[in-house]
Amino acid sequence: MRATVLLMSCAVISLFHTADVAANAPSSEAFSALNSATSELDRVHAVVVAHDGEIIHEYHQGGPGVASPTNIKSLSKTVLAAITGAAIEAGIIESAEQPMVELFGTNLPNGTAPQVGNITVAHLLAQQAGLERTSGGNYSAWVASSNWVNDALTRPFVDEPGGQMLYSTGTSHLLSAALTHASGETTYALAQRLLGEPLNINIPPWLRDPQGIYFGGNDMQLSPRALIEVGELYRNDGLVFDDSGKSQRVLPEGWVAESWQPRGSSRWTGDGYGYGWFITQLAGEAVYYGRGFGGQALYVIPEREMTVVITSDPNPPSPGGQFQQELNRLVAGLLSSNDE
């Protein structure tokens with residue numbers, strides 16, 4: 001059954017924020033238009049919108065509810081980037097410029113090329129390792145291998161580390177392995193301790209490789225409401241606030257700006273790519289988003305003080321890149337409605 005829930009009206013928001021800020025929130029008419037447009041996309045499960053830190057709209061039309069974990073597919077790369085930033089803030093990693101091999105220590109496989117020593121944490125975050133991709137046509141063979149890390153690390157170099165963006169889940173998995181070896185904790189334990197606890201969100205365990213490394217960059221399970229908190233963490237420059245307004249720094253100072261700096265671009269959309277985030281413009285606004293197979297998306301629109309989450313049926317067949325453009329149009333329509 002299709003159901004629309006407006007958690008707060010603009011009148012209620014005004015009790016918590018100034019009139020000027022509340023006036024910038026989308027109107028009930030804008031949300032009605034959003035619901036109508038979403039209903040035309042049967043694959044979409046839920047849309048959640050937050051403004052100035054408060055969830056003000058939820059629409060659910062199938063699949064897991066807005067508070068239930070759902071497979072976010074490659075949107076996991078955006079969450080993994082947040083975990084990595086939190087690991088830097090916690091002193092587990094020195095900086096994004098630290099070489100990956102320092103984090104692996106003695107756990108590097110035999111037969112790696114000399115260029116492996118030039119791969120940094122930043123290169124893993126920005127999909128610039130230079131190694132042959134494990135995604136696309138190579139994906140099935142990679143996940144069928146007996147050792148995902150060794151398979152990814154011993155692939156041939158098709159570019160220098162720091163070169164073009166080569167979207168590859170194997171690259172993200174190397175980041176998960178690096179976090180595990182550097183910390184002595186699983187990526188799941190780090191996710192819970194460094195991200196889940198300060199954001200007060202639940203991050204359930206997810207798939208692991210044959211060696212027990214949690215899948216880096218795919219198959220994490222988060223609810224739409226939990227994803228809102230991840231987006232808000234970035235919108236608030238890496239800070240979380242308690243009920244009294246006291247802040248806690250979760251991501252390093254300057255991490256968000258660094259993450260949202262384009263370091264490469266998608267060969268399919270032309271959008272820039274930073275540390276786990278795509279960079280684009282919608283309705284004339286700068287928008288930063290993460291995306292996953294089948295229509296999982298997290299958008300942060302800083303100038304509008306908005307965070308938007310969309311989840312969809314993650315099961316094959318994929319609707320392809322055109323479906324992501326449909327999701328972009330939903331967000332652009334909401335932003336345009338707010339201009340009227």
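Parameters at a glance
- Residues numbered from 1 in each chain as written.
- Predicted model: local features only at pLDDT ≥ 70, side-chain atom pairs only at ≥ 80, totals over all residues.
- Heavy atoms only, no water.
- Helix = DSSP H or I, 4+ residues; strand = E, 2+ residues; numbered from the N terminus.
- Rg over C-alpha atoms; globule rule 2.2 N^0.38 Å.
- Contact = heavy atoms within 4.5 Å.
- Areas by Shrake-Rupley, 256 points an atom, 1.4 Å probe, with all protein chains shown as cover.
- Lys, Arg positive; Asp, Glu negative; His and termini not counted.
- Charge placed at Lys NZ, Arg CZ, Asp CG, Glu CD.
- 1 Å grid on protein atoms, 1.4 Å probe; cavity = no way out; pocket = protein on both sides within 12 Å on 5 of 7 lines; lining within 4 Å.
- Points joined across faces, edges and corners; volume = space filled by probe spheres on them.
- Nonpolar A, V, L, I, M, F, W, Y, C, P; charged D, E, K, R; others polar.
- Core = buried A, V, L, I, M, F, W, Y, C linked by side-chain atoms within 4.5 Å.
- Buried < 20%, exposed > 50% of the residue type's maximum accessible area, 1.4 Å probe, protein only.
- Salt bridge = Lys/Arg side-chain N within 4 Å of Asp/Glu carboxyl O.
- Polar contact = N/O pair within 3.5 Å; in protein donor to acceptor, adjacent residues only side chain to side chain.
- Expected span 1.5 Å × (residues − 1).
- Axes fitted to C-alpha atoms, helices over the stretch in contact; angles between N-to-C directions.
- Parallel < 35°, antiparallel > 145°, perpendicular 65-115°, else oblique.
- Left-handed = near helix turned anticlockwise from the far one by under 90°.
- Arc of directions from axis to C-beta.
- Pairing = 2+ DSSP bridges.

## Details of the overall build of the protein
And then number 1: Helices and strands together make up the secondary structure of the protein, namely 13 helices and 13 strands.
And then number 2: A compact globule built from 340 residues would reach a C-alpha radius of gyration of about 20 Å, and the protein, at 20 Å, matches this within 12%.
And then number 3: Taking the principal axes of its C-alpha atoms as reference, the protein extends roughly 65 × 45 × 35 Å.
And then number 4: For the protein, long-range pairs separated by at least 24 residues make up 64% of all intrachain contacts whose partners lie at least 6 apart in sequence.
And then number 5: Surface summary for the protein: the accessible area is close to 13600 Å², and the carbon and sulfur share equals 47%.
And then number 6: Of the side chains in the protein, 17 bear a positive and 34 a negative charge, and the two mean positions are spaced by 7 Å.

## A short note on the layout of surface pockets
And then number 1: What the largest pocket holds in volume is close to 700 Å³.
And then number 2: Lining the largest pocket are 27 residues; nearest its centre among them are Ser 74, Tyr 167, Arg 291, Gly 292 and Phe 293.
And then number 3: At the level of elements, β11 (285-292) and α13 (321-339) are the ones that each hand at least two residues to the lining of the largest pocket.
And then number 4: The element contributing the most residues to the lining of the largest pocket is α13, with five residues.
And then number 5: Here the lining of the largest pocket is built from residues that sort into eight nonpolar, 16 polar and three charged.

## Focus on the nonpolar core
And then number 1: One finds Leu 174, Leu 195, Leu 222 and Tyr 234 to be the most contacted residues of the largest nonpolar core, which totals 73 residues.
And then number 2: Residue contributions to this core peak at eight residues, all from helix α4 (residues 76-89).
And then number 3: With residues up to four places along the chain from it excluded, the contact list for Tyr 234 reads Thr 78, Ala 81, Ala 82, Leu 251, Trp 255, Val 256, Ser 259, Trp 260 and Trp 277.
And then number 4: With 30 residues, the next largest nonpolar core counts Ala 30, Val 44, Tyr 167 and Leu 282 among its residues.

## A few points about the pattern of salt bridges
And then number 1: In total, this model carries eight salt bridges according to the counting rule given.
And then number 2: Notably, a salt bridge pairs Glu 58 with Arg 225, separated by 2.7 Å at the nearest N-O pair. Separated by 167 residues along the polypeptide, Glu 58 in strand β3 (residues 54-60) and Arg 225 in helix α11 (residues 224-235) bring together distant segments of the chain.
And then number 3: Overall, Glu 58 belongs to the buried group, its relative accessible area being 5%.
And then number 4: On the basis of relative accessibility, which here comes to 34%, the residue Arg 225 falls in the partly exposed class.
And then number 5: In this structure, the salt-bridge partner of Asp 151 is Arg 155, at a minimum N-O distance of 2.9 Å.

## Some thoughts on the side chain of Glu 232
And then number 1: Inspection of the secondary structure assignment puts Glu 232 in helix α11.
And then number 2: For Glu 232, a relative accessible area of 6% gives the class buried.
And then number 3: Side chain to side chain, Glu 232 and Arg 235 meet in a polar contact 2.9 Å long.
And then number 4: Reaching out from Glu 232, the side chain makes a polar contact with the side chain of Thr 307 at a distance of 2.7 Å.
And then number 5: If we ignore the near neighbours within four places in the chain, the residues touching Glu 232 are Ala 50, Asp 52, Gly 53 and Thr 307.

## Considering α4
And then number 1: Look at α4: 20 Å from first C-alpha to last across 14 residues, which is about the 20 Å you get at 1.5 Å a residue.
And then number 2: Judged by how many residues are buried, α4 sits mostly within the fold: 13 of 14 residues are covered.

## Here's the deal with the packing of α4 against helix α9 (residues 169-183)
And then number 1: Interaxial distance between α4 and α9 falls to 11 Å at its minimum, and their mutual angle equals 30°. Here α4 is positioned roughly parallel relative to α9, judged by the angle of their axes. The two elements α4 and α9 meet at a crossing, and its hand is left-handed. In contact with Lys 77, Leu 80, Ile 83, Thr 84 and Ala 87 of α4, α9 contributes Thr 169, Ser 172, Leu 175, Ser 176 and Leu 179.
And then number 2: Considering only residue class, the contact of α4 with α9 consists of five nonpolar, four polar and one charged.

## Digging into helix α3 (residues 28-39)
And then number 1: With twelve residues, α3 extends 16 Å from end C-alpha to end C-alpha; this agrees with the ideal 16 Å at 1.5 Å per step.
And then number 2: Within α3 the residues assigned to the buried category are Ala 30, Phe 31, Leu 34, Asn 35 and Thr 38. Projected down its long axis, α3 shows its buried positions confined to an angular sector of 140°, all on one face.

## A word on the pairing of strand β12 (residues 296-301)
And then number 1: When you tally the buried positions in β12, you get six out of six residues, the bulk of the element.
And then number 2: As judged from the five bridges shared by β11 and β12, these two strands associate in the antiparallel manner. The partner of Gly 290 across the bridge, within β12, is Leu 298.
And then number 3: Turn length for the β11-β12 hairpin, with the two strands adjacent in sequence and antiparallel, is three residues, and the turn residue Gly 294 shows positive phi of about 85°.
And then number 4: Taken together, the five bridges between β12 and strand β13 (residues 306-312) define a ladder with antiparallel strand orientation. Bridged to Ile 301 within β13 is Met 306.
And then number 5: Connecting the antiparallel pair β12 and β13 is a turn made up of four residues, with Glu 305 showing a positive phi of about 55°.

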